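For reference, the chains in residue letters:
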Amino acid sequence: MKLSEIKSQLPQLSQLTFFLPDGTSVPAHFHITEVGQVTKRFIDCGGTLRDEKSINFQLWEDGDYDHRLGAKKIVGYHSAF
């Protein structure tokens, strides 16, 4: 999924759900501690120079069960990317 797709969906969402590689969802009381753009420049095994960009979400889940992070809370921060 592209970041532009995520950004376009945020205003309509009341809740964000992230899934772990094993398919289980991250508990609803998670915190987004970081959103970053990662740029990778590399040479592949065929000698071709490549550039790759991705967006990284760093999540934190702890015993803060009273905290809920809604999608609308991060809408204001998305303009950085």
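Along each chain, residues carry numbers from 1 onward, in the same order as the chain's sequence is written. Residues qualify for local features only when their pLDDT is at least 70, as the model is predicted, and side-chain atom pairs are given and counted only at 80 or more; totals for whole chains, interfaces and linings, by contrast, use all residues. Heavy atoms throughout the structure, all of them, feed into the side-chain values; hydrogens and water do not.

Secondary structure summary: the chain contains two helices and two strands in total. Only DSSP runs of H or I with at least four residues qualify as helices, and only runs of E with at least two residues qualify as strands; both kinds are numbered from the N terminus onward. Along the chain, from the amino end to the carboxyl end, the secondary structure elements read α-β-β-α. Taking all 81 residues of the chain together, 16% fall into the buried category. Throughout, a contact is declared for two residues whenever any of their heavy atoms are within 4.5 Å. Within the chain, counting contacts between residues at least 6 apart in sequence, those at least 24 apart form 56% of the total. Only the protein chains shown count as cover for residues, and all accessible areas are computed by the Shrake-Rupley method using a 1.4 Å probe. Accessible surface computed for the chain: about 6200 Å², of which carbon and sulfur atoms make up 52%. Relative accessible area decides the class of each residue, using a 1.4 Å probe on protein chains only: under 20% of the type maximum gives buried, over 50% gives exposed, and in between gives partly exposed.

Turning our attention to the pairing of strand S1 (residues 31-43). Between any two strands, pairing holds if DSSP finds at least two bridges. In this structure, S1 lies alongside strand S2 (residues 49-60), joined through 12 bridges in antiparallel fashion. Looking at S2, one finds that Val35 is bridged to Phe57. Here S1 folds back onto S2, and the loop between the two strands holds five residues, one of which, Gly47, carries a positive phi near 85°.

Let's shift gears to the environment of Asp44. Within the fold, Asp44 resides in the loop between S1 and S2. Here a polar contact is taken to be a pair of N or O atoms separated by no more than 3.5 Å, where protein atoms must pair a possible hydrogen donor with a possible acceptor and residues adjacent in sequence count only if both atoms sit in side chains. A polar side-chain atom of Asp44 sits 2.9 Å from the main-chain amide nitrogen of Thr48. In terms of polar contacts, Asp44 uses its side chain to reach the side chain of Arg50, at 2.6 Å.

As a further point, take the packing of aromatic side chains. Any pair of aromatic rings gets described here by the distance separating the centres and the angle formed by the planes. The aromatic pairing rule takes the rings of Phe, Tyr and Trp, using the six-membered ring of Trp, and pairs them if the centres are within 6.5 Å, calling planes under 30 degrees apart stacked, those over 60 edge-to-face and the rest tilted. Under the defined criterion, the tally for this structure stands at two aromatic pairs. Both rings, one in Phe18 and one in Phe30, keep their centres 5.5 Å apart while their planes meet at 90°; by these two values the pair is edge-to-face. With Phe18 in the loop between helix H1 (3-9) and S1 and Phe30 in the loop between H1 and S1, the pair connects residues that are 12 residues apart, well separated along the chain. Judged by relative accessible area, which is 0%, Phe30 ranks as buried. Note on Phe18 and Phe57: the rings are 5.3 Å apart at their centroids and 50° apart in plane angle, and the pair reads as tilted. Residue Phe18 is located in the loop between H1 and S1, and its partner Phe57 is located in strand S2; the two are separated by 39 residues in the primary sequence. Look at NZ for Lys and CZ for Arg. If either is within 6 Å of the ring centre and within 35 degrees of the ring normal, a charge sits over the ring. Over the face of the ring belonging to Phe42 we find Lys40, whose NZ or CZ atom lies 4.7 Å from the ring centre.

What follows covers the confidence of the model for the chain. Looking at the chain, pLDDT values average 81 and 78% of them are 70 or higher. Scored between 0 and 100, pLDDT is the confidence that the predictor attaches to each residue. Mean pLDDT per element in the chain: helix H2 (residues 71-75) is the minimum at 63, and S2 is the maximum at 91.

This part takes up the side chain of His29. For His29, the position within the fold is in the loop between H1 and S1. Polar contacts involving the side chain of His29 include one to the side chain of Glu61, which spans 2.7 Å.

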